[in-house]
Amino acid sequence: GEDVEQSLFLSVREGDSSVINCTYTDSSSTYLYWYKQEPGAGLQLLTYIFSNMDMKQDQRLTVLLNKKDKHLSLRIADTQTGDSAIYFCAEITEYGNKLVFGAGTILRVKS
Amino acid sequence: DAMVIQNPRYQVTQFGKPVTLSCSQTLNHNVMYWYQQKSSQAPKLLFHYYDKDFNNEADTPDNFQSRRPNTSFCFLDIRSPGLGDAAMYLCATSRDSGVGSYGYTFGSGTRLTVV
């Protein structure tokens, strides 16, 4: 079955890098996503990576994918207070038609 | 500019009193989804519509129903809300079931309180 796990909480200082980790179980995952949820709001797609890629960079965001270990990470460079939010990892499989989410990682940025 | 709109943002309902949450989209996407998100938990898919075809998740309680009268609108009906149904309800859309690089587009959610 599909299962996505994340650590629950990360605290960093403003200006430092943040690394949020995720593991998934379904080896047929085609796309993996990172969503951001600010308090009281819906989920906003931050970035994605296709399963045949190892890395994707998008401005301050770097996504690393280790397919062997089924491990996905999101690195946020120069973390700002506005980055404080919940970050969800999600996967969609080759045979599935729905996103499966992790429980989310709360990122707290201290100024 | 909002593309997936959920109303209301906050809904308070009485235990056992039917309640309807609404979602509309301006994206003309084929697929609309309803997720339930409880505090500190992953969003959980309740059901989705691919055009007019309704797809229920196996573990979605019968208390939850949905309607999609046209492409733009989708409703979540909770027939007899219990205290355990208090949650954030998220509506999402996608262009097709194979979402690829687009992912889903989410609304801002409706936070339901049951008193």
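Above this text is the structure in question.
Throughout what follows, the structure given in this document is the object of discussion. (Residues numbered from 1 in each chain as written. Chains lettered and ligands numbered in written order. Predicted model: local features only at pLDDT ≥ 70, side-chain atom pairs only at ≥ 80, totals over all residues. Heavy atoms only, no water.)

### Describing the packing of aromatic side chains
Summed over all chains, the structure comprises 17 aromatic pairs over all chains. Look at Y33 of chain A and Y35 of chain A: their rings are 6.3 Å apart centre to centre, the planes differ by 45°, and that puts the pair in the tilted class. The class of Y33 of chain A is buried, set by a relative accessible area of 0%. The class of Y35 of chain A is buried, set by a relative accessible area of 0%. Between the aromatic rings of F101 of chain A and Y35 of chain B, the centroid separation amounts to 5.6 Å while the plane-to-plane angle is 85°, which identifies the pairing as edge-to-face. Taken together, the positions of F101 of chain A in strand β10 (residues 100-101) and Y35 of chain B in strand β4 (residues 31-37) put the pair across two chains. For the residue pair F101 of chain A and Y35 of chain B, the accessibility class agrees, reading buried in each case. Ring pairing ties together the aromatic residues Y31, Y33, Y35, Y48, F50, F88 and F101 of chain A together with Y33, Y35, Y104 and F106 of chain B, which thus form one cluster. (Phe/Tyr/Trp six-rings, centres within 6.5 Å; stacked < 30°, edge-to-face > 60°. Buried < 20%, exposed > 50% of the residue type's maximum accessible area, 1.4 Å probe, protein only. Helix = DSSP H or I, 4+ residues; strand = E, 2+ residues; numbered from the N terminus.)

### Here's the deal with the sheet that holds strand β7 (residues 61-66) of chain A
Residue and element names in this part refer to chain A. Read from one edge to the other, the open sheet built from five strands follows the order β1-β3-β8-β7-β6, with strand pairing classed as antiparallel. The two strands at the open ends of the sheet, each matched to only one other strand, are β1 (4-6) and β6 (55-58). Neighbour-to-neighbour, the strand axes of this sheet turn through a mean angle of 15°, independent of strand direction. As paired elements, β6 and β7 share four bridges and run antiparallel to each other. Opposite Q57, over in β7, you have T62 as the bridge partner. (Pairing = 2+ DSSP bridges. Axes fitted to C-alpha atoms, helices over the stretch in contact; angles between N-to-C directions.)

### Here we look at the pattern of salt bridges
All names here are of chain A. Within this structure, the stated rule accounts for six salt bridges over all chains. The residue D69 makes a salt bridge to K68 at a minimum N-O spacing of 3.7 Å. Given the relative accessible area of 47%, D69 is considered partly exposed. (Salt bridge = Lys/Arg side-chain N within 4 Å of Asp/Glu carboxyl O.)

### Notes on unusual backbone geometry
In the segment running from N7 of chain B into P8 of chain B, the intervening peptide bond is cis, with an omega of -10°. Topologically, P8 of chain B is positioned in the loop between β1 (4-7) and β2 (10-13). Unusually for a residue other than glycine, Q59 of chain A sits at a positive phi of about 55°. For Q59 of chain A, the position within the fold is in the loop between β6 and β7. Positive phi, close to 60°, is recorded for N28 of chain B, a residue that is not glycine.

### Remarks on the interface of chain B and chain A
Between chain B and chain A, the residue contacts involve 23 residues of the former and 18 residues of the latter. Across the chain B to chain A interface the summed buried area is about 1,600 Å²; carbon plus sulfur atoms make up 57%. Where chain B meets chain A, there are zero salt bridges. In this assembly, chain B and chain A are joined by six residue pairs in polar contact (both at pLDDT 80 or more). Looking at the side of chain B that touches chain A, the elements that each hand over two or more residues are β4, β5 (44-50) and β9 (87-94) of chain B. Here the element with the most residues in the side of chain B that touches chain A is β4 of chain B; it accounts for three residues. Looking at the side of chain B that touches chain A, its residues break down into eleven nonpolar, ten polar and two charged. (Contact = heavy atoms within 4.5 Å. Buried area = accessible area lost by both parts, 1.4 Å probe. Polar contact = N/O pair within 3.5 Å; in protein donor to acceptor, adjacent residues only side chain to side chain. Nonpolar A, V, L, I, M, F, W, Y, C, P; charged D, E, K, R; others polar.)

### Focus: the sheet that holds strand β7 (residues 64-67) of chain B
All names here are of chain B. One open sheet accounts for four strands, arranged β1-β3-β8-β7; its pairing is antiparallel. On the outer flanks of this sheet lie β1 and β7, each paired with one strand and no other. On average, each strand axis in the sheet is tilted by 20° relative to the strand beside it, whichever way the strands run. Taken together, the six bridges between strand β3 (residues 19-25) and strand β8 (residues 73-78) define a ladder with antiparallel strand orientation. By the bridge assignment for β8, L21 is matched with L76.

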